[in-house]
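Single-letter residue listing:
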Amino acid sequence: MCSTATTTDTGRPGPAHRLPVVVYAPDPLSREGVLSQLRRHPELELRTAGGPGTVALLVGETLDESALTRLRRVVRGEGARAVLVVREIREAELLDVIECGVGAIVWRHEATAHRLAQAVLSAARGEGDLPADLLGRLIEQVGTLHRGAAGHSGAPAVGLLPREVDVLRLVADGLDTSEIAGKLSYSERTIKNVMHGLTTRLHLRNRAHAVAYALREGYI
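Residues numbered from 1 in each chain as written. Predicted model: local features only at pLDDT ≥ 70, side-chain atom pairs only at ≥ 80, totals over all residues. Heavy atoms only, no water.

Draft legend 1. Region of interest: the side chain of Ser30. The topology assignment puts Ser30 in helix H1 (residues 28–38). Setting aside its immediate chain neighbours within four residues, Ser30 contacts Ala25 and Arg108. (Helix = DSSP H or I, 4+ residues; strand = E, 2+ residues; numbered from the N terminus. Contact = heavy atoms within 4.5 Å.)

So this is what it looks like as structure tokens:
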């Protein structure tokens, strides 16, 4: 007979119906502070390892390259949903964060027990949960991208997505699918899907044609 208990962050068994959460933080003090907040919510099960169905809560001051790599790994590699808790996000990082699959963002100065639990539950349901000021910045950035893509001579209104540009830059550098996947922390299947999607949408014949298009239109 199979057990319905799972191992929690405290080492004690917990019921399987609780929402599993794993916390990543840059230091033990920050991690324990977040864990103590989440322990107030019995509907959350704190774990030490992620995986499909888990919500990964990543804590940091800012989003450096190391944090972005970890974010990609837990979302794309482990199949977890993500909540990001940071002090600030630079304009250039915002779309990267959303493209990585982050479902919720919480400012560190607003990270109360209630706010963290709310973000975790929203991410688990697949809902967006962004601070109002950040949502406004995101809308502005998307609008700017759309206007810029539409302004390219001969470019389709849809343009290229940031993830597609990242992939095409590495294709232009001569990297193959596995190397691109390693560089961007994607699976090889994702890279193939990205290339298939953009070549089909823009009626491009192959990778070389896609790179030529991106160069001609000023994306890379």
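Draft legend 2. Spatial organisation of the pairing of strand E3 (residues 19–24). For E3, the buried fraction is high: 6 of the 6 residues fall into the buried class. The pairing of E3 with strand E4 (residues 44–47) spans 4 bridges and is classified as parallel. Its bridge partner being in E4, Val22 is matched across the sheet by Arg47. Where the polypeptide runs from E3 across H1 and back to E4, its parallel neighbour, the crossover connection is right-handed. Pairing of E3 with strand E5 (residues 55–59) involves 4 bridges; the strand directions are parallel. Opposite Val23, over in E5, you have Leu57 as the bridge partner. (Buried < 20%, exposed > 50% of the residue type's maximum accessible area, 1.4 Å probe, protein only. Pairing = 2+ DSSP bridges. Right-handed = clockwise from strand over helix to strand, strands pointing away.)

Draft legend 3. How the structure looks around the side chain of Thr199. Mapped onto the elements, Thr199 comes out in helix H8 (residues 188–201). When neighbours within four sequence positions are excluded, Thr199 is seen to be in contact with Leu204, Asn206 and Ala210.

Draft legend 4. Region of the structure containing H8. The end-to-end C-alpha separation of H8 is 20 Å, in line with the 20 Å expected for 14 residues at 1.5 Å each. Inspection of H8 places Ile191, Val194, Met195, Leu198 and Thr199 among the buried residues, and these make up the whole buried set. Viewed end-on, H8 has its buried residues packed into an arc of 115°, placing them on one side of the element. Exposed residues pointing more than 90 degrees away from the buried face of H8 are listed as Arg189 and His196. Phi turns positive one or two residues past the end of H8, at His203, with a value near 60°. (Expected span 1.5 Å × (residues − 1). Arc of directions from axis to C-beta.)

Draft legend 5. Quick peek at the pattern of salt bridges. Applying the stated rule across the entire model yields 9 salt bridges. A salt bridge links Arg39 to Glu32; its shortest N-O distance comes to 2.8 Å. Residue class for Arg39 comes out partly exposed when judged on its relative accessible area of 37%. Classification of Glu32 by relative accessible area gives partly exposed; the value is 40%. Here Arg87 makes a salt bridge to Glu88, at a shortest N to O gap of 3.9 Å. For Glu88, a relative accessible area of 35% corresponds to the partly exposed category. The network of salt bridges with common partners includes Glu61, Arg87, Glu88 and Arg108. (Salt bridge = Lys/Arg side-chain N within 4 Å of Asp/Glu carboxyl O.)

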